[in-house]
Each structure stands twice: as C-alpha cells, then as structure tokens.
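# An overview of the molecular structure
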2 protein chains.
Amino acid sequence: MKAPRDVPNALLESLKSLGLTKYEALVYIGLLRVTGATATEVHEISGVPRASVYPVLDRLVQKELVSVSHTTPKRFDAVPPDQGVENLMRRIESDAEGARTVLDALYREKRPEARDSQEQIWTIYGEENIRARLAGMFRSAERSVEVLATWDLLQESVLALLEPVPDSVQVDIVTDCWKGERSSRFGIHILPLATLRETRCAPGKLLPYESSGVFLVDDARALLWLGAGDEQRSALYSESAGLVLFVRRHITSVTEWARTTGQ
Amino acid sequence: MKAPRDVPNALLESLKSLGLTKYEALVYIGLLRVTGATATEVHEISGVPRASVYPVLDRLVQKELVSVSHTTPKRFDAVPPDQGVENLMRRIESDAEGARTVLDALYREKRPEARDSQEQIWTIYGEENIRARLAGMFRSAERSVEVLATWDLLQESVLALLEPVPDSVQVDIVTDCWKGERSSRFGIHILPLATLRETRCAPGKLLPYESSGVFLVDDARALLWLGAGDEQRSALYSESAGLVLFVRRHITSVTEWARTTGQ
DNA sequence: ACCTTGTTGTTTTTCAAGCAACAACATTTA
DNA sequence: TAAATGTTGTTGCTTGAAAAACAACAAGGT
C-alpha cells in the first residue's frame, strides 16, 4: 500500500486539458506506479474514494488508458504514458479536424463585406496570429512594402514572409544591421543600432524596445509589432487613414535620416 | 442582426474537447460569420446572454481566437478557423508533451516487479494498444514466434511488427492466403479460407470471425486478437500457463492439419 | 462470522450558464 | 443647457449540470 503521494498540480491541469477529470488523472497516475492493482489498491494509491474508483476505471478503459485482467477480483494496469497520451491526442486531433472542416465552411459563407472596417484599429495577440496577418498584408501588396524593424525580428519572422511578394512591388527595409546575403530585390537601409533598438524617453533613461517593427503596405495598411518583454506578443493593425498617415510620416522621417546620416 | 442560427451539436462537442466552454464555442462560431462586431452584436448573433459575452470574449482573446479593435465601443473579430484551431491545438499539444514527460518519469520509477503478473489474463482495448503490445511481444522473442491469423490482419497490422525480430528466432505463420513476396525468413503455411475465417458453431450456422489472430512467443506469452465486428477492437494477453497451453494446443493442431491437408 | 469486492443511491461542491440591476458615458430632445 | 433616453461595460446573484465525496448494502470468499 503506497501513500497517495501528492501529484504536481500542473500535471493534473495538463491531463484535464487532455479531457480527463481530476479523478481519472489521479487514478491513471497512480496506476503508472504499480502493476496489476485491484480496485481497492487503486483507491489506496490514488486517494480517490473507493466507490468512485469503479466508474472512473470504466471510463479510463473506454479511453484506452488502462487495461483490465479477467481475474476475480479484476486487476487493472496502466497503458504506458506515451502510448496513453497518444491515444488521448488521437481523439482530440480528430475532433480538431472535424471542427476545422465545419468552421471553415461557416467561415466561407461570410460575405466579404469590406464595409467600414478600414476605420478600425485591431490588436492581435500571439506571434502566430501576427505573422499570419503580416503574411496576408504582404500577399495583398500591389505597389509598395515598407519595413522598419530590428534585425532579429526581420531574421526570425519577417524575411520568410516577404518571399511571395512579386518583383513588381517596391520593397524597402530599414533595419539596424544585416547579416548574410543582401537580396538585390529589396532597398536596404542600415541605421545605427542605438536609434532603432533604444529610445530616449526620459532624461538619461533608456527605454529598450526589443524585437519591434513597423510595416506599411501600399500606403494603405499598417501594422505595428510591439515586442512586449516577456508578456504575450501583440501588434496593432489598421487601415485607418489616421494611423496609416502617422506610420507614413514615421517611416519617411527615419528613412530620410538614414539617407543623410548613415549613408 | 442575424438569427442565432442553431449550431450542429457535434461541432459544440468537438470544440469543448478542444477546451472551449459552450459559450466560448457559440461566440466564436458567431463571430466567424461577421466582421468586427460589437459586444452587443455578438450577443445577438450567438444567442449568449449579453452580460456573459464580455468575460467570454476576454477568454477567447486570451486563447488567441479573436482579436479586439481599439475603437469605442470595442469591436471583435474571429481569427480564421484553421489558424484558430491551430492555436488551440498548440496549447493542448504542449500540455500533452509536458504530461508525457512527467508521466514517463513516474512510470520509470516503477520497480519492474515481475511478480505474479504472469498468472493474469489482460484485456486490451483499441487497435493501437493491441499493436503496441504485439510489438513488445515480438521484440522480446528469444526462440520462437508463432502466428495464426487471417491475411488481412497479417497484412495490415502484423507483418510490419515482425520486422525487428532477429534471424535467430524461428517464425512460423499460418494464414489463409498470401499475396506478394514470401519472405524466406518465415515458415509459411497456407490453410483453406473456410477453416480460418469461419467456424462452424451450431448445426448449419456459420460464425464468421473476421480479422482475428492468435500469437504465441517463446511458448510463454500469448495474445488473442478478437476482431469484434464493428465494436471496439479488443484482445486478450496472458503469460498464464493455462492459457498459454491452450493456445499451444490450438496452434499445434491447426498446424498439423495444415501439414496433412493443405500441403 | 468476518472481510473484500462491486454496486447503488444520495449529498456536497464546483463551475458554467443565465439573469437582474447599475454606473459611466454618449446621443437625442426639449 | 438640462432632461430624457439609450448603449456599453461591470458586478453580483441564482440556477443548473457534472464531478466529487460519502453512506449503505448485496454477493461471494475465507
């Protein structure tokens, strides 16, 4: 009889998000530590009330996480973890696949309805979402793409997205340095590091803004990528005339500066 | 103002298993059908009580399924389905990864404790689990592997698992037919279809058992794969002397018969 | 007679779901 | 300008459903 050794809370949460209840998680974890336990032993090991152990074990068998012996009393055994987690994931993934299909159908029904959305300013959370939006902007470019970003951000997340931009679109990039081959397709301007990466905000205080960027497409769509420290990445996107104009001015002034100083 | 068109129940269930609540699912689905809706519009579209819409939208933003505009009033927009589902899956997969790691650590702590587990008969549910166990049996083979299975089962699920068996182990296979190249490593016996696939159980009644198999390793470990119609696949595994002996006799008799009749 | 297994039914707890009311603010109307 | 009206966003409370926890008992084995 082992102590119901207490279980890391994070583990319980993880298993819950895989579709298990607290009891199911506790019983499965308990079973991993022994071989062929009876229901009562499971109760002792996991700390789950004995009466609750039976329905829980039934569900776990149903979910292909434990196997049952044909003896009396029944004995239970856990499926090895990676096999078990795999089994859970398979269900979830098939659900995800189904959901994606149906949702996509609904999504396509939406009338494009360009309407007055161009007056809004959107915040986008999550790096993946930001990159997706950036990709969309670049893909829709017809005349010009302007990029003002730190090199690390460029390197990591932006350059790849610029690939599909056709040659007919003028692409200008301002950054703080450049490593590797400089594509002849782009107009590239290098600006001293101090200016881009740090901004003097108060007398003597430096406000470092790491991994940030400004993007402008066709003078009509702008995205501000705010690399907020360790918080969740976020960005602003807008087609509003006001914000676009602001970004337009910002980029122009920085570019001008680059031309007079840097070059 | 659109009707809160009713939503397929299966879709709600799928989204729940991806970690959304009913409200979260309804709001997200509703948002997919419009562009830049206000909280009140979301309430009208989704049928979710207006007061509940705010916390729900907060959570959806947190989960990277919707983006918010910086206007007043705030406007909300859904991220495209495959992007959104992707975002949900990423979280779940990272949970799965974490859980697998921790569980594996616990699993390895288990003393091998071979104990009297060889007297038990285990039932295994789910094709994946059965195959995993079979693979384990084959991997542990030291002298002999005997297989008695219908060709379709062999072909689909078994032959691949026999790959890692070393040449020093004698492998015998009895099946109802053989298509393709016959590996010289195996002793192969063909037995007429009627015998293997159908079994006369009552006078005149035939009991077809499709996709079933019997496996015996080193005369010590046996697995019975029961291809139960459309129900969940299941199997029996045992190291118990009784069951092993039974399987031993069964295979021997069938093999004998094959030798006298078929050949 | 005693203990263990397995089952059933009931209570408690927890969290989502649903509802009512209100402060803040903007828009309209007198 | 002031009152009337309406909308946004919040707070707190009630309802309801599912899991968690407990109590009690029939069946069977020693």
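We now examine the side chain of A:D77. Along the chain, A:D77 falls in strand β3 (residues 75-78). The buried category is assigned to A:D77, whose relative accessible area is 12%. Residues in contact with A:D77, not counting those within four places in the same chain, are A:L31, A:V34, A:T35, A:G36, A:L65, A:V66, A:S67 and B:W122.

Turning our eyes to something else, we now look at the protein's contact with DNA strand D. Around DNA strand D, the surrounding shell holds 13 residues, and the nearest of these are A:K22, A:Y23, B:T40, B:R50 and B:Y54. The protein-proximal atoms of DNA strand D, defined as those within 4 Å of the protein, are 62% sugar or phosphate. One nitrogen or oxygen atom from the side chain of B:R50 is found 2.9 Å from a base oxygen belonging to DNA strand D. Interatomic distance of 3.1 Å between a backbone N/O atom of B:K74 and a phosphate oxygen of DNA strand D. Sorting the residues of the surface near DNA strand D by element identifies α2 (22-32) and α4 (50-62) of chain A together with α3 (39-46) and α4 (50-62) of chain B as the ones contributing at least two each. The biggest single contributor to the surface near DNA strand D is α4(B), with 3 residues. Across the surface near DNA strand D, the residue classes break down as 7 nonpolar, 3 polar and 3 charged.

The parts lose accessible area when they come together, and the size of an interface is often stated as this lost area. The interface is formed by 64 residues belonging to chain A together with 64 residues belonging to chain B. For the pair chain A and chain B, the summed buried area comes to about 5700 Å², and 61% of that belongs to carbon and sulfur atoms. Of all residues in chain A, A:T35, A:L103 and A:W122 bury the most surface against chain B, accounting for 11% of the area lost on that side. At the junction of chain A with chain B, the criterion picks out 0 salt bridges. Run the count over chain A and chain B and you get 15 residue pairs in polar contact (both at pLDDT 80 or more). Broken down by secondary-structure element, the contributors of at least two residues to the side of chain A that touches chain B are α1 (9-17), α2, α4, β2 (66-69), β3, α5 (81-109), β4 (121-125) and α6 (127-139) of chain A. Here the element with the most residues in the side of chain A that touches chain B is α5(A); it accounts for 20 residues. Of the residues contributing to the side of chain A that touches chain B, the split by class is 29 nonpolar, 16 polar and 19 charged.

Residue and element names in this part refer to chain A. On average, chain A scores 84 in pLDDT, and the residues at 70 or more come to 84%. Element-level pLDDT for chain A is lowest in strand β9 (residues 205-208), with a mean of 47, against a maximum mean of 95 in α2. Taken together, the stretch residues 200-207 has pLDDT below 50 and engages in 9 contacts with residues farther than four places along the chain or on a different chain.

Scanning all chains against the criterion turns up 21 salt bridges over all chains. The salt bridge partner of A:K63 is A:E24, with a shortest N-O separation of 3.0 Å. Note that A:K63 is positioned in the loop between α4 and β2 and A:E24 in helix α2, a separation of 39 residues in sequence. The class for A:E24 is buried, based on a relative accessible area of 1%. Across the pair B:E146 and B:R248 runs a salt bridge whose closest N-O atoms are separated by 2.6 Å.

Parameters and conventions
Residues numbered from 1 in each chain as written. Chains lettered and ligands numbered in written order. Predicted model: local features only at pLDDT ≥ 70, side-chain atom pairs only at ≥ 80, totals over all residues. Heavy atoms only, no water. Helix = DSSP H or I, 4+ residues; strand = E, 2+ residues; numbered from the N terminus. Buried < 20%, exposed > 50% of the residue type's maximum accessible area, 1.4 Å probe, protein only. Contact = heavy atoms within 4.5 Å. Near = heavy atom within 4 Å. Polar contact = N/O pair within 3.5 Å; in protein donor to acceptor, adjacent residues only side chain to side chain. Nonpolar A, V, L, I, M, F, W, Y, C, P; charged D, E, K, R; others polar. Buried area = accessible area lost by both parts, 1.4 Å probe. Salt bridge = Lys/Arg side-chain N within 4 Å of Asp/Glu carboxyl O. pLDDT = per-residue confidence, 0-100.

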